[in-house]
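Overview (structure and organization)
In case you want the letters, here they are:
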Amino acid sequence: MFDEKGRLWLTARTRPNATQPAFCKAGSDHPSAKVYPKDTSNRQTEVYDPKTQKITMIDLCFNTHHLNFDDNGTLWFSAGAPMTSSDGSM
């Protein structure tokens, strides 16, 4: 997906699945880990800026596959399955 600046956003494997950062796992003080701690994530994201011709890898705590910008320019990610909280609720 292209953003309003003409950058290309892609899902990518930027690291091995099992090397999840500690801030994503149970026991972390990171807000997302408190709600939905993850021991692995199989895909992250990267952005290519054609102006600088640089790729920036962005590590994510969650699994992702599809990404899409809404009309407000917010980038949304989806792994193709419902997200549940750590207590099992939707």
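Residues numbered from 1 in each chain as written. Predicted model: local features only at pLDDT ≥ 70, side-chain atom pairs only at ≥ 80, totals over all residues. Heavy atoms only, no water.

**Regarding the nonpolar core**
Short version of the rule: In this text, buried Ala, Val, Leu, Ile, Met, Phe, Trp, Tyr and Cys residues form a nonpolar core when linked through side-chain atoms within 4.5 Å. When a residue's accessible area, from a 1.4 Å probe over protein chains only, is under 20% of the maximum for its type it is buried; when over 50% it is exposed; and in between it is partly exposed. Whether two residues touch is decided by their heavy atoms; if any such pair falls within 4.5 Å, the residues are in contact.
Grouped together as the largest cluster of nonpolar side chains are 5 residues: Trp-9, Val-47, Leu-67, Phe-69 and Leu-75. The contact partners of Leu-67, leaving out residues within four places of it in the chain, are Met-1, Trp-9, Leu-10, Thr-11, Thr-45, Leu-75, Trp-76 and Phe-77.

**Some words on the confidence of the model for the protein**
To keep things clear, this is the line we draw: For every residue, the predictor reports its confidence as pLDDT, a number between 0 and 100. Helix numbers and strand numbers start at the N terminus; a helix is a DSSP run of H or I with at least 4 residues, a strand a run of E with at least 2.
When pLDDT is averaged across the protein, the result is 86; 88% of the residues are at 70 or more. When the elements of the protein are averaged for pLDDT, strand E5 (residues 75-78) gives the smallest value, 86, and strand E3 (residues 54-58) the largest, 95. When the criterion is pLDDT under 50, residues 83-90 qualifies, and its contacts beyond four places in sequence or with other chains add up to 13 contacts.

**Let's talk about the packing of aromatic side chains**
Going by this rule: Note on ring pairs: Phe, Tyr and Trp rings are taken, using the six-membered ring of Trp, and paired if centres are within 6.5 Å. Classes follow the plane angle, with under 30 degrees stacked, over 60 edge-to-face and the rest tilted.
For the structure shown, the criterion picks out 2 aromatic pairs. Between Trp-9 and Phe-69 the ring centres are 6.2 Å apart and the planes differ by 75°, which places this aromatic pair in the edge-to-face class. Here the residue Trp-9 occupies a position in strand E1 (residues 8-12), and Phe-69 occupies one in strand E4 (residues 66-69), the gap between them amounting to 60 residues. Residues Trp-9 and Phe-69 agree in their burial class; the two are buried.

**Re the sheet that holds E3**
Counted only if it meets this: Two strands make a pair as long as DSSP finds a minimum of two bridges between them. Only C-alpha atoms enter the line fits that serve as axes; for helices the fit covers just the stretch in contact. Angles between N-to-C directions range over 0 to 180 degrees.
Strands sit in the order E1-E2-E3 across an open sheet of 3 strands; the sheet is antiparallel. Edge positions in the open sheet fall to E1 and E3, since each of these has one partner strand only. With direction set aside, neighbouring strand axes in the sheet form an average angle of 25°. Where strand E2 (residues 44-49) and E3 come together, 5 bridges link them in antiparallel fashion. Bridged to Val-47 within E3 is Thr-56.

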